[in-house]
Amino acid sequence: MNRRHFLSKLGWTSFWTAVVGMVAGLARSMYPNVLYEPSRKYKVGYPADFARDVVTPLPGEKLFIYNDSKQGFYAISGICTHLGCVVSKTQEGFFCPCHGSRFDHSGKVKAGPAPRPLPWYRVSLALDGQLVVDAGEEVKPGTTLPI
Amino acid sequence: MGNRKSHGMMQEFWRNARALPGNVWRSTIRHGPLDTDLDRAEVMNQNFFLHILPVSVHRNTLRFSYSLGLGAIAFILFLILIGTGIILMFYYVPAVDQAYPRMKDLEFVVSNGKLLRNLHRWAAHGMVAVVFLHMCRVFYTGSFRPPREFNWVVGVVLFFLTLGLSFTGYLLPWDQLAFWAITVGTNIVAYLPGVGKQLRFLLLGGNEVGQEALIRFYVLHIAILPVLALIVLGVHFWRIRKDGGLSRPEEAESPLVSMTATPASRDPAGGSLQIFPADPRKTYGLMELVKGRTPMVDRGPEDTLTAWPHLVFRLFTLSLLTLVIFLIVSLFFDAPLKELANPNFPENPAKAPWYFLGLQELVSYSAFMGGVFIPTLTVVALMLIPYIDRGPAGTGVWFHSRRARKIALLSAILTTAVIWLLLFANMRTGGVRRFYPDSPQWLIDLLNPGTLTVLYLVVFFFIAGYLTDSLREASIGLFTGFLIGFTLFTVIGVFLRGPNWEFYWFWQSWPAP
Ligand code: FES
C-alpha cells in the first residue's frame, strides 16, 4: 500500500465513521427515555371486595383476579401471549378470539398458536389495605398472596 | 441622436411586447408540432419529464400482451397516492383524540372528502395488487436475467416498501381495524429473535399502542417511506434505462447477436455471422449507452419506434384509464372505517387488510413461523432468484417453454391439493396439541399447515429440478407454488375465516355474536 492509497483509505474511513456515528447518535433519540404511559401497577380494591372462589375480570386493566379460598389471591394476565389480543373467560379457562388459542384456569395453553402460558403477576397489599397488582412483574404460576 | 435612440427603444419594446405570448410559449414548450422523426427524437431530450423515457423503443416493449402495462400502472397509482395523500394531510391530525373525528369530518364535512379518502385507500389496495402482479409478470417472462438481476432485487425492495406504506397508513384512522392490526403487527415483530422486543418498543415508542405509536407511524407513512420509495423507484427506472429497456426475446434483439448467444446447432452458419459480437463492456444500443450490446446494422432501426408518440401515447392512455377506473370505484364503494379504536376489546374476527390475511392465516398456526421465518425465507428466496436462475434461454417470453407451462399447471394443482389437505387434516385432528397436549413449542412451529406447505414447496422444487434437469422449469414450478399458496391462504383468510378464526365456507353464515 503506498502513501496515496493509505491516505485515501484513511479519508474514507474517517468519513464513514463520522457519518455512521452521527446517524447512530441521532437514531438514539428515537429510543424514548420517558414513557407517558399509565403505570402498570394497579390498585384493584380491598380483599373483601372479591368474592371467594370467583374470578373477577378487570377489563380496563386486562387482568383476571382470583380469590381462591385455599391458596389466596393471584392475578392472571388477560393479554394473549400469541399476538396480544384480549382473552375472555370461559367455562374451561380462557379463550382468545383472534386465532382461537385456549388456556386452562391457570393460564396453561390448551390449544391454538399461543406459545406461552398466560403470565401471572405479583399481587401484594398496599399500606391502605388494598390489593396491588404489578403487571410489570411476572411471577411463577402458583405464586399467591395468602390471606 | 438621443431622440433617435429612444425611438428605437420604443420600437423594440413594442415589438417584443407584441411577440411576448409567442416567445413565452416557445421558451417553455420549446418546439412546434412534432412532424419529423428528428423533432420526435429531440423532444424526448428537451423535456424534463419525458427525459426519463428513451428516444426510441423496441416494438416488443410496446406490446401490451408482453408487459401488461403493470409497472406503469403501479407508478400511476403511486402518483395518485401522493396527490390524494398530500391533500389528506391538510385535514388529518395525528393525535389519538382527533384522528378518528377527522375521518368523520372527511366523510361528512369536507367537500369531496369522502371521495378523496376512498381514492387514497383504493389506490393503495390497487398498488399492492398491481406491484405484486408486476413481479409475477417479470418472473414469468424471465425478465430478471442478466443484466437485469439487480433491478429485480430493487423491485423486491419496492414491493416491501409498498407493503410498508399500506401498513403504516392503516393505523392512521385510529379505528378498531387500525388499532388491532397494529397490535398484532408489532407483536409479530417482537418474535424476531434477539432484537424483536426492542424493535417493537422502537416502533411503538413505548410498550403500548398509543399516541407515540400513532405519531411514529404517521411520520413513517408521510415522510420516511414515501421518500425511500421515491429514491428506490428512481433507481428502478434508471436501471431499466441502463439495462437496455424492457427485456425482450433474444431473437427480437438482433439476429447477429443471437447467433453468438445460442448454440451453433440452431444455425450452423452462426459462427461466421459474428460480425458484431456481444460486447461485455458498454456500447450504443437504442440510441443510448447500455451494457452488453453492439450496434445492430440495419436491424435496429427497423424494430424500434420513436417513443413519441408510440410510448407516450400509450402511457397517457394508461394513466387516463387507471384514473377513471379508480375514480369510478371510489364513487361507488366507500373505504372501510370501523368504530373508534377500543383497546379493551378486539373485534371478532380481528382481520388485517386483505394482503396481510395470507400472513395472518400462517400466523394463526405459528407466530414465529408465519410472522418471521416464512416471510424472511420468502424475501431471501425472491431476491436470490436472479442469481440462481441465470441461463439465457427463455428470456423475454412468457413461460419459457411448453413444458414449463405444464409444470406451472402441475404445481398449481398440487399446491392447492396439499394446502387443502393440510388444512383439513389440521382442523379434523385439532393439530398437534390435541394428540400431545404438552408438546414443546418447536413441534407446533414445525407441524402445522403453513410450515409443511413451505417444506412441500422446497421438496417440489428439487424433485421437479431433478426430473426436468432444468433450473428454469423447476423455479417456475416453485414460484407458481408460492403464488398459489399465497393466493390460497389469502382467500382463506379473507373469506373463510369467521369469529374466533374458525373456518366457515362461503355459504355458511357466521353465528351471531
Ligand atoms: S392473539 Fe390470541 S390467538 Fe392470536
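In this text, all values refer to a predicted model and were calculated from it rather than measured experimentally.

Q: What should I look at first to understand the overall build of chain A in this one?
A: Across its full length, chain A holds 1 helix and 10 strands. Ordered by position from the N terminus, the helices and strands of chain A form the series α-β-β-β-β-β-β-β-β-β-β. For chain A, whose C-alpha radius of gyration is 25 Å, the value lies well above the compact-globule estimate of 15 Å for 147 residues. Principal axes of the C-alpha set define a box for chain A whose edges measure 85 × 40 × 25 Å. Within chain A, the proportion of its 147 residues that are buried is 40%. Of all intrachain contacts in chain A linking residues separated by at least 6 positions in sequence, the fraction that spans at least 24 positions is 37%. When the accessible surface of chain A is totalled, it reaches about 8700 Å², and 61% of it is carbon and sulfur. In chain A, which carries 17 positive and 11 negative side-chain charges, the distance between the mean positions of the two groups comes to 15 Å.

Q: Which parts of the structure should I look at to understand the sheet that holds strand β2 (residues 55-58) of chain A?
A: Sheets are built from strands that pair by backbone hydrogen bonding, the pairs being arranged parallel or antiparallel. Residue and element names in this part refer to chain A. One open sheet accounts for 6 strands, arranged β1-β10-β9-β4-β3-β2; its pairing is antiparallel. Both edges of this open sheet fall to β1 (41-45) and β2, since each of them pairs with a single strand only. Recorded for the sheet is a direction-independent mean angle of 30° between the axes of neighbouring strands. Bridge count between strand β4 (residues 72-77) and strand β9 (residues 120-125): 2 bridges; the pairing is antiparallel. Pairing of Ile76 across the sheet is with Trp120, part of β9.

Q: Explain the environment of Arg137 of chain B here, please?
A: Residues and elements named next belong to chain B. Tracing the chain through its elements places Arg137 in helix α7 (residues 113-140). Given a relative accessible area of 5%, Arg137 falls into the buried group. The spacing of Arg137 and Trp398 is 261 residues in sequence and 8.1 Å in space, taken between C-alpha atoms. Residue contacts for Arg137: discarding those within four places in its chain leaves Tyr66, Ser67, Leu70, Ser143, Leu246, Ser247 and Trp398.

Q: Can you help me understand helix α16 (residues 354-363) of chain B in this one?
A: Each full turn of the α-helix corresponds to 3.6 residues, which orients residues three or four apart in the same direction. Here α16 of chain B lies mainly inside the structure; 8 of its 10 residues are buried. All of the buried residues along α16 of chain B are Tyr355, Phe356, Leu357, Gly358, Gln360, Glu361, Leu362 and Val363 of chain B.

Q: Explanation requested: the sheet that holds strand β8 (residues 109-111) of chain A in the structure shown.
A: Residue and element names in this part refer to chain A. Read across the sheet, 4 strands follow the order β5-β6-β7-β8 without closing on themselves; strand pairing throughout is antiparallel. The open sheet terminates on both sides in strands that have one partner only, identified here as β5 (88-89) and β8. Direction of pairing for β5 relative to strand β6 (residues 93-95): antiparallel, over a ladder of 2 bridges. From the neighbouring strand, Ser88 faces β6, where its bridge partner is Phe95.

Q: Explain the state of the cysteines to me, please; I cannot follow it from the model alone.
A: Should the sulfur atoms of two cysteines be covalently bonded, the bond is a disulfide. All names here are of chain A. Within the structure shown, the criterion is met by 1 disulfide over all chains. Disulfide partner of Cys85: Cys98, at an S-S distance of 1.8 Å. Residues Cys85 and Cys98 are joined by a disulfide whose S-S torsion is about -80°; by sign, that bridge is left-handed. With Cys85 in the loop between β4 and β5 and Cys98 in the loop between β6 and β7 (102-104), this pair connects stretches of sequence that are 13 residues apart.

Q: Any chance you could explain helix α9 (residues 176-189) of chain B here in plain terms?
A: With 14 residues, α9 of chain B should reach 20 Å at 1.5 Å per residue; the first-to-last C-alpha distance of 20 Å fits that figure. Most of α9 of chain B sits out of view: 13 of its 14 residues are buried.

Q: Looking at this structure, I do not really get the confidence of the model for chain B. What am I missing?
A: Low pLDDT means the predicted atomic positions in that stretch should not be read closely. Residues and elements named next belong to chain B. Averaged over all residues, the pLDDT of chain B equals 83, while 88% of them reach at least 70. Mean pLDDT values over the elements of chain B span from 43, in helix α13 (residues 255-261), up to 95, in helix α5 (residues 70-91). Confidence over residues 254-277 falls short of pLDDT 50; this stretch has 21 contacts with residues more than four positions distant or in other chains. Within the model, pLDDT remains below 50 along residues 282-286, and this stretch shows 17 contacts once partners closer than five positions in the same chain are excluded. Per the prediction output, this complex has pTM 0.85; the corresponding ipTM is 0.86.

Q: Whenever I open this one, the nonpolar core confuses me. Can you help?
A: A general trend in soluble globular proteins is that nonpolar side chains are found buried together. With 101 residues, the main nonpolar core has Trp152 and Phe479 of chain B as its most contacted residues. Per-element accounting of this core gives the leading share, 15 residues, to α7 of chain B. Not counting residues up to four positions away in its chain, the partners in contact with Trp152 of chain B are Met135, Val138, Phe139, Phe144, Leu382, Met383, Ile385 and Pro386 of chain B. Ranked by size, the runner-up nonpolar core spans 14 residues in total, among them Tyr42, Val44, Phe50 and Ile65 of chain A.

Q: I would appreciate a short explanation of unusual backbone geometry in the present structure.
A: Excluding glycine, residues mostly carry a negative phi; peptide bonds, for their part, are mostly trans. Residues and elements named next belong to chain B. A cis geometry characterises the amide bond from Pro146 onward to Pro147, with omega recorded as 5°. With respect to the helices, strands and loops of the structure, Pro147 is situated in the loop between α7 and α8 (149-171). Its identity as a non-glycine residue notwithstanding, Leu68 has a phi of 60°, on the positive side. Looking at where Leu68 falls in the secondary structure, it is placed in the loop between α4 (64-67) and α5. Positive phi outside glycine occurs at Asp469, with the angle close to 55°. When you line up the elements, Asp469 lands in the loop between α21 (449-468) and α22 (471-495).

Q: Explanation requested: the interface of chain B and chain A in the structure shown.
A: Interface size is commonly expressed as the accessible surface area that is lost when the partners come together. Contact residues are listed per partner, giving 32 residues for chain B and 30 residues for chain A. The junction of chain B with chain A conceals about 2500 Å² of combined surface from both sides, 56% of it contributed by carbon and sulfur atoms. Our count for the chain B to chain A interface comes out at 0 salt bridges. Elements that contribute at least two residues to the side of chain B that touches chain A include exactly α9, α10 (196-204) and α16 of chain B. Among the elements that make up the side of chain B that touches chain A, the one with the highest residue count is α9 of chain B (5 residues). When its residues are assigned to classes, the side of chain B that touches chain A shows 14 nonpolar, 13 polar and 5 charged.

Here is what the cut-offs are and how they apply
Starting afresh in each chain, residues are numbered from 1 along the sequence in its written order. In the order they appear in the text, chains get letters beginning with A and ligands get numbers beginning with 1. In keeping with the model being predicted, local features are shown solely for residues with a pLDDT of at least 70 and side-chain atom pairs are shown and tallied solely at 80 or more, while totals for entire chains, interfaces and linings include all residues. Only heavy atoms go into the side-chain values, all of them from the structure, while hydrogens and water stay out. Every helix listed is a DSSP run of H or I at least four residues long, and every strand listed is a run of E at least two residues long, numbered separately from the N terminus. In this treatment the radius of gyration is a C-alpha quantity, and the globule benchmark scales as 2.2 Å times the residue count to the 0.38 power. Here the term buried applies to any residue with accessible area under 20% of the maximum for its type, exposed to any over 50%, and partly exposed to those in between, with areas from a 1.4 Å probe on protein chains only. Throughout, a contact is declared for two residues whenever any of their heavy atoms are within 4.5 Å. Methods summary: accessible areas were calculated by the Shrake-Rupley approach with a probe of 1.4 Å, and residue burial reflects only the protein chains presented. Neither His nor the chain termini are counted; the positive set is Lys and Arg, and the negative set is Asp and Glu. Where a charge lies is defined by one atom per residue type, namely NZ (Lys), CZ (Arg), CG (Asp) and CD (Glu). Note: two strands are recorded as paired if DSSP finds a minimum of 2 bridges between them. Axes here mean lines fitted to C-alpha atoms, for a helix over just the part in contact, with angles spanning 0 to 180 degrees between N-to-C directions. The disulfide definition used here is simple: a pair of cysteine sulfur atoms within 2.5 Å. Under the convention used throughout, the expected extent of a helix is 1.5 Å for every residue step, that is, one less than its residue count. Known as pLDDT, the predictor's per-residue confidence is scaled from 0 to 100. Residues belong to one nonpolar core when they are buried, are Ala, Val, Leu, Ile, Met, Phe, Trp, Tyr or Cys, and are joined through side-chain atoms within 4.5 Å. By convention, the term buried area covers the 1.4 Å-probe accessible surface removed from two parts as they join, with the contributions of both added. Just to be clear on terms, a salt bridge is a Lys or Arg side-chain nitrogen sitting within 4 Å of an Asp or Glu carboxyl oxygen. As a working rule, the residues Ala, Val, Leu, Ile, Met, Phe, Trp, Tyr, Cys and Pro are called nonpolar, Asp, Glu, Lys and Arg charged, and the rest polar, with Gly in that last group.

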